[in-house]
Amino acid sequence: MKIRQIIKNISLLIALFVFTSNHQPIKAEPWAMPDDLLIRHDIYLLVDSGVLNIPITTWPLSWGDIAYNLSKNESEMTLIELASFNRVKNALVDAQELGIFGETEIKLSKNPKQLTSFNDIVSQSKSIAAGTSYFSKNIAMNIKFEKTPGNENMDDSYLSVARGNYSLTLGSKKNWWGPGWNGSLALSTNARPLNGLSIERNFSDPSKSRFFSWVGPWDLSILIAEMENSRQSYAARIGIRPLQNLEIGLIGTVVETGKNIIPCESIECPNSSLYKEDSNYHLTGFDFRSSQQWRDTPFASYGQIIGESVKNSMGLFGFETWGSMDGFKTLEGYRIYTEVASTRCGFYKNNSSKYGCAYQNTTDSDGYRYQGTNIGHSIDGDSRLISIGAILIGENSQLFKSSLSIGQLNRGSTSSYQLVENRTDYFNFDLGYQFDLYWFDIGIGSFDLGVGLDLFKDKVTGNTDNEPRVYLSWVKDATLNSGESRNYSDYIELIEVSDQKIIEESIIEDQFSIDQYLLLNELNLDEIILIVDKVSQDRNDNGDPFSTRSIKKNQSISGTFNDLNIDLIESPNDLSEYMNLMDQTINQRGNLN
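Residues numbered from 1 in each chain as written. Predicted model: local features only at pLDDT ≥ 70, side-chain atom pairs only at ≥ 80, totals over all residues. Heavy atoms only, no water.

*Asks:* Would you mind going over the overall build of the protein chain with me for this structure?
*Replies:* Along the protein chain, the regular secondary structure elements total 10 helices and 25 strands. Counting only residues that meet the buried cut, the protein chain has 47% of its 593 residues in that class. If you take every contact in the protein chain between residues at least 6 apart in sequence, the share linking residues at least 24 apart comes to 62%. In the form shown here, the protein chain has an accessible surface area of approximately 30300 Å², with 55% of it arising from carbon and sulfur atoms. (Helix = DSSP H or I, 4+ residues; strand = E, 2+ residues; numbered from the N terminus. Buried < 20%, exposed > 50% of the residue type's maximum accessible area, 1.4 Å probe, protein only. Contact = heavy atoms within 4.5 Å. Areas by Shrake-Rupley, 256 points an atom, 1.4 Å probe, with all protein chains shown as cover.)

In structure tokens form, the structure reads like this:
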């Protein structure tokens with residue numbers, strides 16, 4: 001208890017430091033976490049356009065893998081690709097900083113949302129958290145303390161060590177397995193992050209074996225976690241990209257509940273009329289995401305099928321499209337998705353006898369839940385949900401987001417499902433705005449604010465709950481002590497050398513002022529020719545007699561030049577006409593030599 005109090009006091013001091021710090025916001029950690037809609041949109045866009053070729057449905061994603069596999073030159077990108085590339089580039093620059101960092105966050109909400117999605121929506125009426133992280137070339141550590149009404153926790157605290165192509169992490173961090181935007185049937189951020197050991201592949205390089213090279217880039221994630229009531233969870237996922245536009249994920253999870261006492265009526269039973277039997281709930285399945293293009297419109301279809309068996313499987317399917325918004329000055333791009341999920345066993349049949357089967361079994365009352373909350377899809381079992389969502393990307397990384405969902409929860413009125421007690425109609429609408437705020441060059445923090453509405457109508461009792469929502473989230477990061485930068489790969493001019501430095505070096509190499517080149521369009525022809533003369537004289541390193549001409553010769557040339565009637569010469573329209581005029585002038589001057 002004393003250790004927790006010490007950590008709490010240290011966190012409060014860090015929070016005070018971060019709040020008063022003038023450092024720019026920065027988030028240095030090895031992964032892109034499953035709580036940032038904009039970064040996910042950008043990474044997906046780069047993958048679908050061929051700039052990246054890595055698995056992208058097993059979150060968190062390794063920043064090193066992203067940096068190492070960026071392959072398309074900036075000059076080959078469209079404007080929307082370049083905008084996403086620059087945001088990912090900036091995130092990489094932040095993520096590769098080594099040192100000690102701090103973070104403070106405050107979240108407030110009236111009627112917080114009960115059904116969560118990929119976005120890190122405010123799920124508590126109020127919470128305050130502070131944390132500190134340390135990041136070196138092979139070690140990443142994060143300590144976070146969060147206080148909510150009636151609860152204090154250290155979620156998202158971990159120690160991670162990178163060895164070779166794998167990272168071993170002890171602690172808890174958010175996971176999202178699957179291509180869905182509104183939910184994942186296997187592992188999502190709906191429940192608190194599981195505390196345990198995770199193993200992840202850092203780089204998704206294809207196998208060099210001739211037998212497995214066809215799978216393309218692949219990643220691996222393994223999670224072994226401790227749950228409440230002496231339960232354990234084991235989960236593994238492999239993601240492969242056999243084609244540039246196709247990703248397939250294979251998933252297996254097990255929740256072990258230990259020994260359950262069951263009545264014994266068999267003659268083979270021991271002397272006692274009761275015996276203990278191993279009990280567990282497991283899920284196996286797969287998911288996919290395939291991107292295509294119809295005319296000039298890109299789109300992707302995706303799905304996830306998982307269950308204890310094929311006949312008891314649950315299903316999730318979706319469609320998404322994205323593009324630029326050229327007709328709007330303050331808007332850059334968009335992404336729209338529609339998604340349907342069914343968490344009844346045998347989702348493809350209308351069979352009421354399957355109610356009560358999903359996410360639990362008869363010998364396990366806790367089921368596929370952590371502290372009463374489903375670790376898979378937030379709609380829990382025997383539910384169906386249809387969702388439409390959209391995000392609009394504005395200038396300076398502003399994000400406008402909205403979603404609309406309609407469905408039915410706990411259709412079998414199974415008492416063990418804890419989201420709602422009976423068969424309930426559900427309607428949800430959310431509208432949010434996410435932005436970074438600055439006061440001059442001082443980062444105030446990242447803000448996420450919005451409104452929403454949840455409607456629940458119990459089909460058994462007839463009761464209706466109307467829950468309007470308003471929420472606000474503020475997060476402030478700061479550098480406490482930063483040293484060198486981590487070089488993720490040799491790819492990176494963007495990490496090791498800034499754009500400004502490249503420009504400055506190019507100016508230093510040129511002895512003649514670059515400003516005169518930048519103003520060529522504003523000069524007359526005679527002024528351009530004089531500039532060319534000056535450059536040729538300044539750069540003549542071979543002792544050409546032209547550079548040591550007598551004053552008399554120069555005066556003769558100057559007089560001849562002045563005899564040219566510039567006004568009679570038509571204004572050149574392009575570079576080739578400029579060059580022709582220069583050639584004529586040079587030939588005339590050659591006659592004087």
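*Asks:* Mind showing me how you'd approach the side chain of S117 here?
*Replies:* Along the chain, S117 turns up in the loop between β4 (97-110) and β5 (126-135). Excluding its chain neighbours within four sequence positions, the residues that come into contact with S117 are W176, W181, N182 and T189.

*Asks:* It is not clear to me how helix α2 (residues 37-48) should be interpreted in this structure. Could you clarify?
*Replies:* Helix length check: α2, at 12 residues, gives a terminal C-alpha distance of 16 Å against a target of 16 Å (1.5 Å per residue), a fit within 8%. In terms of burial, α2 is a largely internal element, 11 of the 12 residues being buried. All of the buried residues in α2 are L37, L38, I39, R40, H41, D42, I43, Y44, L45, L46 and V47. At the N-terminal end of α2, a side-chain oxygen is found 3.1 Å from the backbone nitrogen of L38, two or three residues along, and the residue is D36. Of the residues flanking the end of α2, it is G50, one or two places downstream, whose phi is positive at about 90°. (Expected span 1.5 Å × (residues − 1). Polar contact = N/O pair within 3.5 Å; in protein donor to acceptor, adjacent residues only side chain to side chain.)

*Asks:* Help me understand empty space enclosed by the protein, please; the structure alone is not making it clear to me.
*Replies:* Empty space among the atoms becomes apparent when a probe as large as a water molecule is rolled across them. Evaluation of the coordinates by the stated rule reveals six cavities of 30 Å³ or more. Put simply, the largest cavity is a space of about 250 Å³. What lines the largest cavity is a set of 20 residues, among which L37, S117, N119, K401 and S403 lie closest to the centre. Contributions of two or more residues to the lining of the largest cavity are made by β18 (331-342), β21 (384-394), β22 (399-409) and β23 (424-439). Split into classes, the residues belonging to the lining of the largest cavity amount to nine nonpolar, seven polar and four charged. Within this model, the second largest cavity holds a volume of roughly 180 Å³. Around the second largest cavity, the lining comprises 17 residues; the ones closest to its centre are P60, L61, S62, R201 and D219. (1 Å grid on protein atoms, 1.4 Å probe; cavity = no way out; pocket = protein on both sides within 12 Å on 5 of 7 lines; lining within 4 Å. Points joined across faces, edges and corners; volume = space filled by probe spheres on them. Nonpolar A, V, L, I, M, F, W, Y, C, P; charged D, E, K, R; others polar.)

*Asks:* What am I meant to see in the nonpolar core here?
*Replies:* Across soluble globular proteins, nonpolar side chains show a tendency to be buried alongside one another. Within the largest apolar cluster, 65 residues are counted, with the highest numbers of intra-cluster contacts made by I43, L52, W59, W63, I66 and Y359. For this core, the element with the highest residue contribution is α2, accounting for seven residues. Contacts of I43, omitting those with residues within four sequence positions, involve A32, L52, I56, W59, L61, I66 and V88. W31, L98, F135 and Y158 belong to the second-largest nonpolar core, a separate cluster that totals seven residues. (Core = buried A, V, L, I, M, F, W, Y, C linked by side-chain atoms within 4.5 Å.)

*Asks:* Teacher, can you tell me more about a nonpolar patch on the surface here?
*Replies:* A contiguous nonpolar patch, built from I100, Y134, I139, M141, I143, L159 and L480 and spanning about 500 Å² of accessible area, is present on the exposed surface. By relative accessible area, I139 is classed as partly exposed at 33%. (Patch = residues over 30% accessible without salt bridge, like charges linked within 9 Å, V, L, I, M, F, W, Y side chains within 5 Å. Salt bridge = Lys/Arg side-chain N within 4 Å of Asp/Glu carboxyl O.)

*Asks:* Got a minute to help me understand the environment of I43 in this structure?
*Replies:* For I43, the location among the structural elements is in helix α2. For the pair I43 and F85, spaced 42 residues apart in the sequence, the C-alpha separation amounts to 8.3 Å.

*Asks:* Just to check I follow, could you spell out the state of the cysteines for this structure?
*Replies:* In protein structure, a disulfide is the covalent linkage between the sulfur atoms of two cysteines. With the rule as written, the count across this model stands at one disulfide. The residue that forms a disulfide with C345 is C357, at a sulfur-sulfur distance of 2.1 Å. Its torsion about the S-S bond being -80°, the disulfide of C345 and C357 is classed as left-handed. Of the two residues, C345 is situated in the loop between β18 and β19 (369-370) and C357 in the loop between β18 and β19; the sequence distance between them amounts to 12 residues. A residue is classified by how much of its surface remains accessible, and C357, at 18% relative accessible area, is buried. (Disulfide = S-S within 2.5 Å.)

*Asks:* Please explain the packing of aromatic side chains as it appears in this structure.
*Replies:* Any two aromatic rings considered together are summarised by their centre-to-centre distance and by the angle between their planes. On inspection of all chains with the given rule, the structure shows 17 aromatic pairs. Between Y44 and W181, the ring centres sit 5.6 Å apart and the planes meet at 70°, which makes this aromatic pair edge-to-face. One end of the pair, Y44, is in helix α2; the other, W181, is in the loop between β10 (176-177) and β11 (195-201), and 137 residues separate them in sequence. A single burial state applies to Y44 and to W181, both of which are buried. On the numbers, 6.4 Å between centres and 65° between planes, the contact of F118 with W181 is edge-to-face. Here F118, found in the loop between β4 and β5, pairs with W181, found in the loop between β10 and β11; they are 63 residues apart in sequence, far enough to count as distant. One exposure class covers both F118 and W181, and it is buried. The structure contains a cluster of three or more aromatic residues connected by ring pairs, namely Y44, W59, F118, W176, W181 and Y337. In this structure, K173 packs its charged tip against the face of W31, placed 4.8 Å from the ring centre. Lying across the ring of W218, R201 places its NZ or CZ 3.8 Å from the centre. (Phe/Tyr/Trp six-rings, centres within 6.5 Å; stacked < 30°, edge-to-face > 60°. Lys NZ or Arg CZ within 6 Å of the ring centre and 35° of its normal.)

*Asks:* It is not clear to me how the pairing of strand β13 (residues 232-243) should be interpreted in this structure. Could you clarify?
*Replies:* In the case of a regular strand, side chains alternate between the two sheet surfaces. In the sheet, strand β12 (residues 218-226) pairs with β13 via nine bridges, with the strands oriented antiparallel. From the neighbouring strand, L223 faces β13, where its bridge partner is A235. Between the end of β12 and the start of β13, which pair antiparallel, lie five residues, with N229 showing a positive phi angle near 60°. (Pairing = 2+ DSSP bridges.)

*Asks:* Would you mind going over the pattern of salt bridges with me for this structure?
*Replies:* Oppositely charged side chains can pair when the atoms bearing their charge come close. A full pass over the atoms with the stated rule returns 22 salt bridges. R87 serves as the salt-bridge partner of E332, at 2.8 Å between the closest nitrogen and oxygen. With E332 in strand β18 and R87 in helix α4 (residues 79-95), this pair connects stretches of sequence that are 245 residues apart. Note on R87: relative accessible area 11%, which makes it buried. The residue D366 makes a salt bridge to R231 at a minimum N-O spacing of 4.0 Å. Of this pair, D366 sits in the loop between β18 and β19 while R231 is found in the loop between β12 and β13, placing the two residues 135 residues apart along the sequence. Accessibility expressed as a relative area gives 1% for R231, which makes it buried. Through salt bridges with shared partners, a single network forms among D48, R289, E320 and R335.

*Asks:* Would you explain the confidence of the model for the protein chain in this entry?
*Replies:* When pLDDT is low, close inspection of the predicted coordinates is not appropriate. The share of residues in the protein chain with pLDDT of 70 or more is 73%, and the mean pLDDT across the chain is 81. Ranking the helices and strands of the protein chain by mean pLDDT puts β10 first, with 98, and helix α5 (residues 493-496) last, with 39. Predicted confidence for residues 489-518 stays below pLDDT 50, and this span has 30 contacts to residues more than four positions away or in other chains. Predicted confidence for residues 541-562 stays below pLDDT 50, and this span has 15 contacts to residues more than four positions away or in other chains. (pLDDT = per-residue confidence, 0-100.)

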